[in-house]
Amino acid sequence: MDPPLISFTNICDFAMELRLENIGHYYGDMEVLQGIDLDIPAGKIVCVVGPSGCGKSTLLRLVGGLEKPTSGRVVQMGQAPSASINPLTYVFQDFALLPWRTVEGNISLVLEDHGIKGADMEAVISDVLARTKLSDFRKALPKQLSGGMKQRVAIARALAVKPAVMLMDEPLSALDSQTRELLMDDLVDLWTREPFTAVYVTHNLGEAVRIGHSIVVLSRRPGRICEVVEINKPLEQRQLGDADLEQQQKHLWNLMRDEAKAADMELMDA
Amino acid sequence: MDPPLISFTNICDFAMELRLENIGHYYGDMEVLQGIDLDIPAGKIVCVVGPSGCGKSTLLRLVGGLEKPTSGRVVQMGQAPSASINPLTYVFQDFALLPWRTVEGNISLVLEDHGIKGADMEAVISDVLARTKLSDFRKALPKQLSGGMKQRVAIARALAVKPAVMLMDEPLSALDSQTRELLMDDLVDLWTREPFTAVYVTHNLGEAVRIGHSIVVLSRRPGRICEVVEINKPLEQRQLGDADLEQQQKHLWNLMRDEAKAADMELMDA
Amino acid sequence: PAQAADTKITVGALRFTSHSASFVAMERGYFKQEGLDVTFKFFQAAQPMAVAVASKDVDYAVTAISGGLISLAEKGAAKVIGGALQEEAGIDGQKILVSDAAFKAGVTSPAKLNGKIWAVTQAGSSFHYMGSVIAAKENAKLSFKPLQKVGPIIGALKTGQVDAWSIVPHIAKPLSKSGKVHIIGNVADYLPNYQVTVVFTSADNAANKRDTTKAFLRAFSKGAADFNAALVDKTKGDAAAEEMVKLVHKYVYVDRPYEKAARSIRNGAMRISENAALNTASVKNQLDWFKKEKLVKSSITFDTLVDGSYVEQK
Amino acid sequence: MLDSASKDDQRTVEFRGGGFAPQSKRWVGFVVFIVLISGIELGTRTGFITSLMLPRPSDVLATFVELWKSGLLWKHLIPSLSRLAVGAVIGASAGIGVGILIGLFSLARASLIPIVAAIFPIPKIALLPLFVIWFGIDEASKYALIAFGTFTPTVVAAYGAVDNVDRTLIRMGQSFSLSWFSIVTKIVLPGAMPGILSGLRVSFAIAIILLVAAEMLGAEYGIGAYILEAGSLYDLERLFVGVTILSILGVGVSAVIGLIENRLLKWRI
Amino acid sequence: MLDSASKDDQRTVEFRGGGFAPQSKRWVGFVVFIVLISGIELGTRTGFITSLMLPRPSDVLATFVELWKSGLLWKHLIPSLSRLAVGAVIGASAGIGVGILIGLFSLARASLIPIVAAIFPIPKIALLPLFVIWFGIDEASKYALIAFGTFTPTVVAAYGAVDNVDRTLIRMGQSFSLSWFSIVTKIVLPGAMPGILSGLRVSFAIAIILLVAAEMLGAEYGIGAYILEAGSLYDLERLFVGVTILSILGVGVSAVIGLIENRLLKWRI
Ligand SMILES: Nc1ncnc2c1ncn2[C@@H]1O[C@H](COP(=O)(O)OP(=O)(O)OP(=O)(O)O)[C@@H](O)[C@H]1O
Ligand SMILES: Nc1ncnc2c1ncn2[C@@H]1O[C@H](COP(=O)(O)OP(=O)(O)OP(=O)(O)O)[C@@H](O)[C@H]1O
Ligand SMILES: [Mg+2]
Ligand SMILES: [Mg+2]
């Protein structure tokens, strides 16, 4: 196989890390997050889990600068590699593809604005489509694709801007569980070939233990950090149904079960 | 605990079973199902798994009489118990609650039409709400409820008509995985206390091995039966991460992986 | 004195026989002789024509004195400069009509109109004025029903939904022939020498373009004289009358065959004032009535409405 | 984990979200109206705007006060309101009824949709002469004109609303063996309510617009008749008084429907 | 697993689904029109319907053929079409522009929404006298009237469409650091297209309705003028010819927009 034309931050040369310093956030009078301190080390995937409505998505928006924290700050430490077009790049739960653009068009969208065009753009697009196994779907419209393929397009789009950190908000939860399984394999594959830095928000503890180097457990709203679980087994060695992972997962579920129950029973104000 | 006021079919006295005889179905020119022969024994949960678009939902609609099969027939064997108001009752993926009716109103909806009112209705509603742990949410509107609670209401509504067979179309796939875990426990609990007959369609193999007495694996479209896997371990003894279940799940996944991949890669016609 | 040739002016007109003076002046070259290059602008109703003069889309036009015209004069936008159509004893003038139902119920003369419904196009229209004056003279109380256009009025009259109306003879006579409507009197009996229509222009033209305005009035008067001679006084013989009808038919009832149109044109011929003379008394009466009815501001004077410097004031 | 070089290189992550959620502040609206009206007042006073082009706002107000004091306001307003009410209620009810039929039955859909589509672009004023023959020049023809005008948009809104009722809810009803009648009354109609109500907003605005056309025919009193008279007298003050009343009426009706929506559709997310 | 008693008791599960998906068949529409017109023809021939109530359809057709043969059809149609085109294009463009401003900027929203809401219920015919003063009696005032009438509904549709653009797409754009201008042109505008196009359907229908009002202002030729003249002469045949032409025009414009939607919005599910 040829060396990839473009690549994630090479973590040996550059090291951009993120640090969350005492982050707190309010929506109106409602406290959503409280005193979050967290390091996101380069080349690692940090999973964030927690019950519904505890502020996971909010946290991710704060990290990427899509929202301003009420208190505290998110610090970027070290320079993003110069090749990185958009250092902090999201992958959304609902794909966020423009339905009126083809697969190719959705990727070119994020390149056009950064002055990449012609053969350069062509090269980038071909490369990311190849890496996400989408080369045959280049001219397809989103409506023709299954959910799994749509999320692959979104991932290809994120790769195209060579992110220093990927911010993934439940990237698999809109997919059915079989597709989820397939995509999880693809993500592990992508990371194994070329490690990237990521914050990965999820509800799914199975996903978290499969893909996270560390797992941050948030409490119910206002979200605080309950525990950070480190998993040392290399990603590529983790498998569906591994006993040690199952153990970790059970541990996490025991930590969270009551909170999840309470969150489920909560009545939203009319 | 008091004996329940209403109950599922008592499978000792009555035994209503369903038999699918050589079912085939077309939408226009597209063959969706082909030569399905299947028995649904009383008091058991039959899971149906298969790749996206293979006709699982269609099969369930055929079973419940919401659609007419192009060929073959669905036979009801034995009488539904006289207490059963609606022998074949669905639980839908997207809950199908009327947003303008309260929890209570959504349940009374299906009783009103069958001439149950006043104190009788009151008794039925209180009972099913108690069994699904919803008594405190009686006056809430659907918009105030989390997804898990909404599906509980839909289950309570299904219980209210004392079904002979429950037809469940991916009842948990619209929920986040933590809520799914909680609801799966609740379903197992309901079945253990009082066994019921059910056809349970799902994508999720983990769910299938946790809740199915037998698991029917469908092929890609046109859906045919590939294999029927029987799991003999009693439901109440099955646990998240049981090694034997993991084994079954891996077996199923190996059966389906390629088909799932192919289904995922399919281009829908523009 | 003829002006420098080709002063372009626009003349507003309705496709009515009563506007024939302008048509004659056009066809017989009287405008040309005065150095005026005239374009006609045709309207469906008189009211927009008044507004068009105010907005300077039209330079000269002929219409009944209406509340709208007076209001525009008050705003300094329009000015009456001469007279056109006039009721005259001995010439067939406007008729008073009643519906068949009202006629059968005993309204056989204007004296019996008390309590009846009188149709008008709009409050402040000439129909309103006529009805009001007739009612006052007969001590009758009329209620006035605005129906916007002549078409609906005829419909309402035929079906007995309104009781009475007044209209020019060439419309009144065919209507009465149908038997659904009856003529019970002449407007001229109540409004002798009623100045039905007037010539008007924008205040700017009246004040600042006196030569053009005078030239227009001269040509207009010549046309009026020809028309009166041919069809009203009938002093020129049948051939001239025939010729005049043919001329008018180029503008009026164009979509009807000549034979049908000719009858209507002849029936509709009422006198157009000689030399565009204006019956001051009638205009004053009308203005007073408008003020009394609070249709126009009470501050308006006769001189605001009329520029008396152009034509003979009777 | 970090080498010391980059330790010094610390920057807060830059904010790049927000926006694209324009907010409407009520007081800005008032300010704009006041500025606009003062501008016209000034323009007319300085002669920059002639009295032929626009009336002076203070004169319009004075005319309105006069109209009120003379008691004529009510004499004009009450018949108009009753025409609006009767006409709009007839037109909207018929429209909702027909719309629901179209939404439920193939035969109704196939036969009525083309007719409604053909009727839609017909200007109602063109039919005035016919309405006079059919309904006379009294109230009936005014009701009919307003009803006719509100009918077509209501039909379109109503069948659109029925079409948009979530089909899974209907399948749910069938799966519980509810009767056809129950499904229609308990699922289809409540589900179509939001669409129907928002259609009524447009229909009632059209009813108000048609008031003038309706009162062209033999109305002595009524806001429309008042406007027509003012127009024919070229009395801009009165014309604007009338137009303002209609405008306030329209905003008022829309606000009332908003209130009804808030009450009736509390269940919406 | 089954006891033998119930073995005999076999029944096919009963069908209880289907329905609630009315289909519109094109030929039914034609049949209905033909039945309706034949009915009127018969009614007028037997005298059941008097000539005062409705014209005889065959006479209407004959009148139309005559109009065509005389060449007057084009003389009336062409000015009307050009008025419609110019007026509707001006009104719709201005409406889309203002609507997008309202959709994007708080200041525009706060100041313009109340004005649009106040203008909406004003009947355009009430303003005819003013339009003559402002724009003269020639084409300009006709364009202005039609433009004014199409403006308000287009504004409402356009800002509604912008408001309805999926906010996650906009956040996506921001998250990729797209410029404000790119977000507007590449995300907001294409996303608002479906809403704007369906708004134009209504706006153009209104433009056609306003044609008659516009041609009240000193138009000699034009379908509206033809209808007005027919109405004032109570010539029902000609009135119906004119009305039918407008109706066909309306259906045609709507069909054209449908085609454009199909082409431009292929990407919709
Ligand atoms: N823009 C907003 N304005 C006001 N409240 C908000 C906003 N966004 C989120 N919230 C509220 O803040 C809380 C946290 O929301 P957030 O989406 O971050 O939770 P989450 O952990 O991602 O939940 P989920 O698991 O459902 O995705 C919720 O109660 C939510 O209703
Ligand atoms: N009413 C319908 N008319 C036409 N085609 C249909 C209809 N319902 C389903 N289909 C098609 O039939 C096929 C099977 O659909 P079905 O919903 O039964 O699949 P499924 O196995 O439930 O899929 P999923 O896993 O996505 O729920 C799909 O290709 C679908 O597009
Ligand atoms: Mg979230
Ligand atoms: Mg399905």
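Here's what I pulled together on the structure shown here. Source: prediction; values computed, not measured.

**Section: the sheet that holds strand S10 (residues 197–202) of chain C**
Residues and elements named next belong to chain C.
And step 1. Taking strand neighbours across the sheet as the criterion, the 5 strands line up as S2-S1-S3-S10-S4 in an open arrangement whose pairing is mixed. Strands with a single pairing partner mark the edges of an open sheet, and in this sheet they are strand S2 (36–43) and strand S4 (78–83). Direction aside, the axes of adjacent strands within the sheet are offset by 30 degrees on average.
And step 2. Here strand S1 (residues 7–14) runs beside S2; their pairing, made up of 8 bridges, is parallel. Across the sheet, Thr 7 pairs through a bridge with Leu 36, a residue of S2.

**Things to note about helix H9 (residues 180–214) of chain D**
And step 1. The end-to-end C-alpha distance of H9(D), which contains 35 residues, comes to just 41 Å, noticeably less than the 51 Å that a straight helix rising 1.5 Å per residue would cover.
And step 2. Within H9(D), the axis deviates most sharply at D:Met193, by approximately 45 degrees, and proline D:Pro194 lies no more than four positions further along.

**Digging into a positive patch on the surface**
And step 1. Judged by side-chain charge, C:Lys177, C:Arg256, C:Lys260 and C:Arg263 come together as a positively charged surface patch.
And step 2. Of note, C:Lys177 is situated in helix H8 (residues 169–177).

**Some thoughts on the sheet that holds strand S8 (residues 214–218) of chain A**
Whether parallel or antiparallel, the strands of a sheet pair through hydrogen bonds between backbone atoms.
Residue and element names in this part refer to chain A.
And step 1. Judged by pairing direction, the sheet is mixed, and its 6 strands sit side by side in the order S5-S6-S7-S3-S8-S9 without closing on themselves. Where the open sheet ends on each side, the last strands, each with one partner, are strand S5 (88–91) and strand S9 (225–230). Between one strand axis and the next, the sheet turns through 20 degrees on average, direction left out of account.
And step 2. The pairing of strand S3 (residues 45–49) with strand S7 (residues 197–201) spans 4 bridges and is classified as parallel. Bridge pairing links Val 46 to Val 199 in S7.

**What about the interface of chain D and chain E?**
And step 1. Counting residues at the interface gives 69 residues for chain D, matched by 69 residues for chain E.
And step 2. Interface of chain D and chain E: buried area, both sides summed, is about 5500 Å²; carbon and sulfur atoms make up 74% of it.
And step 3. Of all residues in chain D, D:Arg16, D:Phe20 and D:Pro22 bury the most surface against chain E, accounting for 14% of the area lost on that side.
And step 4. Where chain D meets chain E, there are 0 salt bridges.
And step 5. In this structure, the connection of chain D to chain E is made through 16 residue pairs in polar contact (both at pLDDT 80 or more).
And step 6. Counting only elements with at least two residues in the side of chain D that touches chain E, the list comes to helix H2 (26–46), helix H4 (72–104), helix H5 (106–119), helix H6 (128–135), helix H8 (167–175), H9, helix H10 (223–232) and helix H11 (236–264) of chain D.
And step 7. Residue composition of the side of chain D that touches chain E, grouped by class: 48 nonpolar, 15 polar and 6 charged.

**Details of the packing of helix H3 (residues 57–69) of chain E against helix H11 (residues 236–264) of chain E**
All names here are of chain E.
And step 1. Put simply, H3 and H11 touch, their axes get as near as 9 Å, and they point 75 degrees apart. Judged by the inter-axis angle, H3 sits roughly perpendicular to H11. Each of Asp 59, Val 60, Thr 63, Phe 64 and Leu 67 in H3 lies in contact with H11, whose residues at this interface are Glu 237, Arg 238, Phe 240, Val 241 and Ile 245.
And step 2. Residues belonging to the contact of H3 with H11 are distributed by class as follows: 6 nonpolar, 1 polar and 3 charged.

**Observations regarding the arrangement of the chains**
And step 1. The structure contains 8 pairs of chains in contact, of which chains D and E account for the largest number of contacts.
And step 2. Contact between chain A and chain C is absent, and the minimum C-alpha spacing across the pair is 50 Å.
And step 3. Chain B shows no contact with chain C. Their nearest C-alpha atoms sit 49 Å apart.

**Here we look at the relation of the copies chain D and chain E**
And step 1. For the pair chain D and chain E, the relating rotation is 180 degrees, the translation along its axis is 0.0 Å, and the fit reaches an RMSD of 0.1 Å. Taken together, these values place the two copies in the relation of a two-fold axis.

**Considerations on the site of ligand 2**
All names here are of chain B.
And step 1. Taken together, the neighbourhood of ligand 2 is formed by 14 residues, with Lys 56, Ser 57, Thr 58, His 203 and Arg 221 sitting nearest.
And step 2. Within the backbone of Gly 53, one N or O atom sits 2.9 Å away from an oxygen atom of ligand 2.
And step 3. Separating an oxygen atom of ligand 2 from a backbone N or O atom of Cys 54 is a distance of 3.2 Å.
And step 4. Look at ligand 2: alone it shows 640 Å² of surface, and the protein chains cover 62% of it.
And step 5. Of all the secondary-structure elements, those providing two or more residues to the shell around ligand 2 are strand S2 (30–40) and helix H1 (56–63).
And step 6. With 4 residues, H1 is the single largest residue contributor to the shell around ligand 2.
And step 7. Here the shell around ligand 2 is composed, by residue class, of 4 nonpolar, 6 polar and 4 charged.

**Digging into the nonpolar core**
And step 1. The biggest cluster of nonpolar side chains holds 197 residues, and the ones touching the most others in it are C:Trp165 and C:Phe216.
And step 2. Apart from the residues lying within four places of it in its own chain, the contact partners of C:Trp165 are C:Lys95, C:Ile96, C:Leu97, C:Trp118, C:Ala119, C:Phe127, C:Val150, C:Ile153, C:Ile154, C:Leu157 and C:Leu175.

**So, empty space enclosed by the protein**
One way to see where empty space is left: roll a probe the size of a water molecule over the atoms.
And step 1. Under the defined criterion, the tally for this structure stands at 4 cavities of 30 Å³ or more.
And step 2. The computed volume of the largest cavity comes to approximately 720 Å³.
And step 3. In this structure, the largest cavity is lined by 40 residues; those nearest its centre are A:Asn204, A:Gln249, B:Asn204, B:Gly206 and B:Gln249.
And step 4. Contributing elements (two or more residues each) for the lining of the largest cavity: helix H5 (177–193), helix H6 (205–211) and helix H7 (243–265) of chain A together with helix H5 (177–193), helix H6 (205–211) and helix H7 (243–265) of chain B.
And step 5. When grouped by side-chain class, the residues that make up the lining of the largest cavity number 12 nonpolar, 16 polar and 12 charged.
And step 6. Surrounding the second largest cavity, 15 residues form its lining, C:Lys149, D:Ile125, D:Leu128, D:Pro129 and E:Leu228 being those nearest its centre.
And step 7. Taken together, the elements giving at least two residues each to the lining of the second largest cavity come down to H6 of chain D together with helix H10 (223–232) of chain E.
And step 8. Broken down by element, the lining of the second largest cavity gets its largest block of residues, 4 residues, from H10(E).

**Considerations on the site of ligand 1**
Residue and element names in this part refer to chain A.
And step 1. The full set close to ligand 1 counts 14 residues, and Lys 56, Ser 57, Thr 58, His 203 and Arg 221 are the nearest of them.
And step 2. In this structure, Glu 170 approaches ligand 1 through a side-chain N or O atom, which is 3.3 Å from an oxygen atom.
And step 3. Its free accessible area being 630 Å², ligand 1 has 61% of it covered by the protein chains.
And step 4. Counting residues per element, the ones that place at least two in the shell around ligand 1 are strand S2 (30–40) and helix H1 (56–63).
And step 5. Per element, the largest residue contribution to the shell around ligand 1 is 4 residues, and it comes from H1.
And step 6. Class assignment for the residues of the shell around ligand 1 results in 4 nonpolar, 6 polar and 4 charged.

**Looking at the side chain of B:Ser214**
Residues and elements named next belong to chain B.
And step 1. The topology assignment puts Ser 214 in strand S8 (residues 214–218).
And step 2. Taking relative accessible area as the criterion, Ser 214 reaches 11% and is therefore assigned buried.
And step 3. Those residues within four positions of Ser 214 in sequence are excluded, and the remaining contacts are Ile 45, Val 46, Cys 47, Val 228, Val 229 and Glu 230.

**Structural notes on the interface of chain E and chain B**
Interface size is commonly expressed as the accessible surface area that is lost when the partners come together.
And step 1. Taken residue by residue, the interface counts 15 residues in chain E and 20 residues in chain B.
And step 2. At the boundary of chain E with chain B, total buried surface from both sides reaches about 1600 Å², with 52% on carbon and sulfur atoms.
And step 3. If you look at where chain E meets chain B, you find 0 salt bridges.
And step 4. Joining chain E to chain B, the criterion identifies 8 residue pairs in polar contact (both at pLDDT 80 or more).
And step 5. Looking at the side of chain E that touches chain B, the elements that each hand over two or more residues are helix H1 (4–7) and strand S1 (10–12) of chain E.
And step 6. Of the residues assigned to the side of chain E that touches chain B, the class counts are 4 nonpolar, 5 polar and 6 charged.
And step 7. In this structure, strand S4 (residues 71–77) of chain B lies alongside S1(E), joined through 3 bridges in antiparallel fashion.

About the cut-offs
Residues numbered from 1 in each chain as written. Chains lettered and ligands numbered in written order. Predicted model: local features only at pLDDT ≥ 70, side-chain atom pairs only at ≥ 80, totals over all residues. Heavy atoms only, no water. Pairing = 2+ DSSP bridges. Helix = DSSP H or I, 4+ residues; strand = E, 2+ residues; numbered from the N terminus. Axes fitted to C-alpha atoms, helices over the stretch in contact; angles between N-to-C directions. Expected span 1.5 Å × (residues − 1). Bend = angle between axes of the 7 residues up to and from the residue. Patch = residues over 30% accessible without salt bridge, like charges linked within 9 Å, V, L, I, M, F, W, Y side chains within 5 Å. Areas by Shrake-Rupley, 256 points an atom, 1.4 Å probe, with all protein chains shown as cover. Salt bridge = Lys/Arg side-chain N within 4 Å of Asp/Glu carboxyl O. Lys, Arg positive; Asp, Glu negative; His and termini not counted. Charge placed at Lys NZ, Arg CZ, Asp CG, Glu CD. Contact = heavy atoms within 4.5 Å. Buried area = accessible area lost by both parts, 1.4 Å probe. Polar contact = N/O pair within 3.5 Å; in protein donor to acceptor, adjacent residues only side chain to side chain. Nonpolar A, V, L, I, M, F, W, Y, C, P; charged D, E, K, R; others polar. Parallel < 35°, antiparallel > 145°, perpendicular 65-115°, else oblique. Least-squares fit on C-alpha atoms with pLDDT ≥ 70 in both. Near = heavy atom within 4 Å. Core = buried A, V, L, I, M, F, W, Y, C linked by side-chain atoms within 4.5 Å. Buried < 20%, exposed > 50% of the residue type's maximum accessible area, 1.4 Å probe, protein only. 1 Å grid on protein atoms, 1.4 Å probe; cavity = no way out; pocket = protein on both sides within 12 Å on 5 of 7 lines; lining within 4 Å. Points joined across faces, edges and corners; volume = space filled by probe spheres on them.

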